[in-house]
Amino acid sequence: MHFLRALGPGLLMASAAIGVSHFVQSTRAGADYGLIALIFILAATLFKYPFFEFGHRFAGATRKNLLDAYLALGKKYLILFLLLNVITGVGSIAAVTFVTASIFQNLTGYQSITFWSACIFIVSMIILLKGQYSWLDRIIKFLMVILIITTIIAFFAALEKGVAYQESFISPSIFTWASLPFLIALMGWMPGPIEMSAWQSLWVQERERTEKMKFSFQEISFDFNFSYLLTVITAVLFLSLGYFTMHGTGESFSAKGAVFAGQVIELYTRAIGEWTKPIIGLAAFAAMFSTSFTLVDAYPRALSTGLHAIIRLRNEKITRGIITILCCLISLIIIGVFTSSLKVLVDVVTSIAFIAAPIFAWLNYKVITSSLTPKQYQPKKWLLALGKLGLTYLVVFSVLYIWYLFFYSA
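Residues numbered from 1 in each chain as written. Predicted model: local features only at pLDDT ≥ 70, side-chain atom pairs only at ≥ 80, totals over all residues. Heavy atoms only, no water.

**Structural notes on the overall build of the protein chain**
Secondary structure summary: the protein chain contains 15 helices and zero strands in total. A globule of 410 residues ought to have a C-alpha radius of gyration of about 22 Å, and the protein chain, at 20 Å, matches this closely. With respect to the three principal axes, the spread of C-alpha positions in the protein chain is 60 × 50 × 45 Å. For the protein chain, buried positions account for 59% of its 410 residues. The long-range fraction of contacts in the protein chain, counting pairs at least 24 apart against all pairs at least 6 apart in sequence, stands at 87%. By element, 69% of the accessible surface of the protein chain is carried by carbon and sulfur atoms, the whole surface being about 16800 Å². Charge separation in the protein chain, taken as the distance between the mean sites of 30 positive and 18 negative side-chain charges, equals 11 Å. (Helix = DSSP H or I, 4+ residues; strand = E, 2+ residues; numbered from the N terminus. Rg over C-alpha atoms; globule rule 2.2 N^0.38 Å. Buried < 20%, exposed > 50% of the residue type's maximum accessible area, 1.4 Å probe, protein only. Contact = heavy atoms within 4.5 Å. Areas by Shrake-Rupley, 256 points an atom, 1.4 Å probe, with all protein chains shown as cover. Lys, Arg positive; Asp, Glu negative; His and termini not counted. Charge placed at Lys NZ, Arg CZ, Asp CG, Glu CD.)

And the structure:
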């Protein structure tokens, strides 16, 4: 109970992660390629692990956030982080909210996806304005419990029924150049974008400030590792659901948001029973709303904190409010442009995240191995070695993807 009480920023990280990457991309991977896609999900979560861990580690060791560290390394590093966040932020908020609104439109049958997206933004901003971190923490914990319970039930129900494909079906190979764009999109947010590590460090600070409690380094580490493992397990569950219920059936996911949302909900009801459709629909909406809600807090929080560190703004809360409104408005415009192309928007945003990942990873590695992190809290040799392997993995796949875009696809 002592350690469970420590859960907080890590669960926010898990909530932000268990969204498009799991609900959309993992399910698509299982449906299109089968269980073989698990190799790339596990590879992405393994090789990104050090860079997420460094965010929690630095905050626990120093009681500072990664943005402070980037500034201490040199103003250019923080500016680089903020510029990349501007690019990835609005796209990420748009993609996640698009999926959330698609689920709600599928459940209600009313209004447009753009309308429901606007409603989600308004509700999120009101909640964050009213309760700040404390409300965010409570709501996310509640929604995460609903999602995990329903996903586990659906998984075991699908497992009992067995695979749906016919024996004559030949699964397409994932080890081809043609599959590379989807693999990059799958791994881009698996389990989440690496800039999420900076949010974790901000949430660690904010939690201690609002709850007036100081958590130990061990508690902070437990919070992160438990939550990270949760993102890996749920990714495997979503991939398995896509595999058991759609792989080899001749069905494919629609590019239209509401239709796609209905298809994913159908995966659950097909496994458990039609009577569960309203429950599953609400659980799916809860999962995606928690992600959208978290991102609406996270990106503006990081941008306003970074700007405040550079130019010492008079009132950071007002700046964060203005940035939040701007992010939501720009995201709404993006959603309006991609209304009938959910898969295109998701793939573009997640691919950009993957290409930016080596930069964020390198920044975190630089921070955790510098004098900014006390010697006794610096990672062990095996974790640093995994970090070097992870950075190599991210760079190699990014180069392959860029080569594909300019030479192979042309």
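**Focus: the pattern of salt bridges**
Applying the stated rule across the entire model yields three salt bridges. Taking the shortest distance from any N to any O, the salt bridge between Glu53 and Arg57 comes out at 2.9 Å. With Glu53 and Arg57 both in helix 4 (residues 38–62) and four residues apart, this pair spans about one turn of that helix. Judged by its relative accessible area of 6%, Glu53 is buried. The exposure class of Arg57 is buried, given its relative accessible area of 14%. (Salt bridge = Lys/Arg side-chain N within 4 Å of Asp/Glu carboxyl O.)

**Re the packing of helix 3 (residues 20–33) against helix 8 (residues 180–188)**
Two quantities define a packed helix pair, namely the angle between the axes and the distance from one axis to the other. With their axes 9 Å apart at the nearest point, helix 3 and helix 8 run at an angle of 145 degrees to one another. Helix-helix and strand crossings are classified by hand; for helix 3 and helix 8 the assignment is left-handed. Of the residues in helix 8, those in contact with Gln25, Ser26, Arg28, Ala29 and Tyr33 of helix 3 are Phe182, Ala185 and Leu186. Looking at the contact of helix 3 with helix 8 residue by residue, the class counts come to five nonpolar, two polar and one charged. (Axes fitted to C-alpha atoms, helices over the stretch in contact; angles between N-to-C directions. Left-handed = near helix turned anticlockwise from the far one by under 90°. Nonpolar A, V, L, I, M, F, W, Y, C, P; charged D, E, K, R; others polar.)

**Quick word on helix 13 (residues 316–337)**
Over its 22 residues, helix 13 extends 32 Å from the first C-alpha to the last, a length consistent with the 32 Å expected when each residue adds 1.5 Å. Among the residues of helix 13, Thr319, Arg320, Ile323, Thr324, Cys327, Cys328, Ser331, Ile334 and Ile335 are the ones counted as buried. Summarising the axial view, the buried residues of helix 13 lie within an arc of 165 degrees, below the 170-degree limit, and thus occupy one face. In helix 13, the exposed positions angled more than 90 degrees off the buried face are occupied by Ile318, Ile333 and Val337. (Expected span 1.5 Å × (residues − 1). Arc of directions from axis to C-beta.)

**Observations regarding the side chain of Ser331**
Relative to the helices and strands, Ser331 is located in helix 13. A polar contact is formed between the side chain of Ser331 and the backbone oxygen of Cys327, at a distance of 2.7 Å. Aside from chain neighbours lying at most four places away, what touches Ser331 is Val90, Ile93, Ala94 and Phe121. (Polar contact = N/O pair within 3.5 Å; in protein donor to acceptor, adjacent residues only side chain to side chain.)

**Overview of helix 2 (residues 9–17)**
Across the nine residues of helix 2, nine count as buried, placing the element largely inside the fold. Among all positions in helix 2, only Pro9, Gly10, Leu11, Leu12, Met13, Ala14, Ser15, Ala16 and Ala17 are buried.

**With respect to a nonpolar patch on the surface**
Taken together, Trp177, Ile355, Val396, Leu400, Ile402, Trp403, Leu405, Phe406, Phe407 and Tyr408 make up a surface patch of nonpolar side chains, about 950 Å² in accessible area. The biggest single contributor to the nonpolar patch is helix 15 (residues 381–408), with eight residues. Within the secondary structure layout, Val396 lies in helix 15. For Val396, a relative accessible area of 42% corresponds to the partly exposed category. (Patch = residues over 30% accessible without salt bridge, like charges linked within 9 Å, V, L, I, M, F, W, Y side chains within 5 Å.)

**Some thoughts on the state of the cysteines**
Scanning the model with the defined rule gives zero disulfides in all. Cysteine Cys327 is unpaired, with the sulfur of Cys328 as its nearest cysteine sulfur at 6.9 Å. Exposure remark for Cys328: the relative accessible area of 4% places this residue in the buried category. (Disulfide = S-S within 2.5 Å.)

**With respect to the packing of helix 2 against helix 10 (residues 217–246)**
At their nearest, the axes of helix 2 and helix 10 sit 8 Å apart, and the two run at 20 degrees to each other. For the element pair helix 2 / helix 10, the angle class is roughly parallel. Helix 10 is crossed by helix 2, and the crossing has right-handed handedness. For the pair formed by helix 2 and helix 10, the contact residues are Pro9, Gly10, Leu11, Met13, Ala14 and Ala17 on the first element and Asp223, Phe224, Ser227, Tyr228, Leu230 and Thr231 on the second. (Parallel < 35°, antiparallel > 145°, perpendicular 65-115°, else oblique.)

**Some details on the environment of Phe338**
Structurally, the position occupied by Phe338 is in the loop between helix 13 and helix 14 (342–368). Residue classification places Phe338 among the partly exposed positions, given a relative accessible area of 25%. Distance in space between the C-alpha atoms of Phe338 and Phe360 is 27 Å, their sequence separation being 22 residues. Residue contacts for Phe338: discarding those within four places in its chain leaves Phe98, Val344 and Leu345.

Fair warning: the whole summary comes from geometry, so function is off the table for now.
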